[in-house]
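Descriptive analysis of the structure
Residues per chain, in single letters:
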Amino acid sequence: MAQQLGEIQYAMEGTRPVVELVVPHGTKLLDLAKATDSISKQLLPKIGPRGCQACISGVHFTIRERLENVVQVDLETGKIQSH
């Protein structure tokens, strides 16, 4: 079975840190819970102040699932890449 990898994107500019977790289509809730726990313990303490271990207040946190169908577009020309 292929390894399922998510992607964490974050920015610290502005008044609050912003974190986005992008997961593969069909990710199970249990796997999502493991990932958010790791983010809370390993990443958030490095990018934003917190009052307690479980708290993510003060951080904008978005979870997004990748859609099944992806088409790439060349941003310079606007041309859609064929498969």
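All figures in this text were calculated on a predicted structure; none of them were measured in a lab. Numbering of residues starts from 1 in every chain and runs along the sequence as written. Per-residue local features of the predicted model are confined to residues with pLDDT of at least 70, and side-chain atom pairs are confined, for both listing and counting, to 80 or more; whole-chain, interface and lining totals are unaffected and use all residues. Each side-chain value is worked out from all heavy atoms of the structure, with water and hydrogens disregarded.

1. Examining the nonpolar core
Generally speaking, nonpolar side chains in soluble globular proteins are found buried as a group. Counted only if it meets this: The nonpolar core is taken to be a set of buried Ala, Val, Leu, Ile, Met, Phe, Trp, Tyr and Cys residues, with the residues joined through side-chain atoms within 4.5 Å. The buried label goes to any residue with under 20% of its type's maximum accessible area, the exposed label to any with over 50%, and the partly exposed label to all in between, with areas taken from a 1.4 Å probe on protein chains only. Helix numbering and strand numbering both begin at the N terminus, where a helix is a DSSP run of H or I of at least 4 residues and a strand a DSSP run of E of at least 2. Contacts are assigned to residue pairs that have any heavy atoms within 4.5 Å of one another.
By size, the foremost hydrophobic cluster in this structure holds nine residues: Val19, Leu21, Val23, Leu32, Ile39, Leu43, Leu44, Ile47 and Val59. The set of elements that each furnish at least two residues to this core consists of β2 (18–23) and α1 (29–47). For this core, the element with the highest residue contribution is α1, accounting for five residues. Dropping the residues within four chain positions of it, Leu32 is found in contact with Leu21, Val23, Thr27 and Ile63.

2. Concerning the sheet that holds strand β3 (residues 60–65)
Quick reminder of the rule: Pairing between strands requires that DSSP locate at least two bridges from one strand to the other. The axes are straight lines fitted to the C-alpha atoms, using for helices just the contacting stretch, and the angles between their N-to-C directions are given from 0 to 180°.
Reading across the sheet, the three strands line up as β1-β2-β3 and stay open at both edges, with mixed pairing between neighbours. What marks the edges here is a single partner per strand, and that holds for β1 (7–11) and β3. For this sheet, the mean inter-axis angle between neighbouring strands, taken without regard to orientation, is 15°. Of the strand pairs in this sheet, β1 and β2 are connected by five bridges, and their pairing is antiparallel. Its bridge partner being in β2, Tyr10 is matched across the sheet by Val19. Of the strands in this sheet, β1, β2 and β3 are in contact with α1, which crosses β2 at around 150°.

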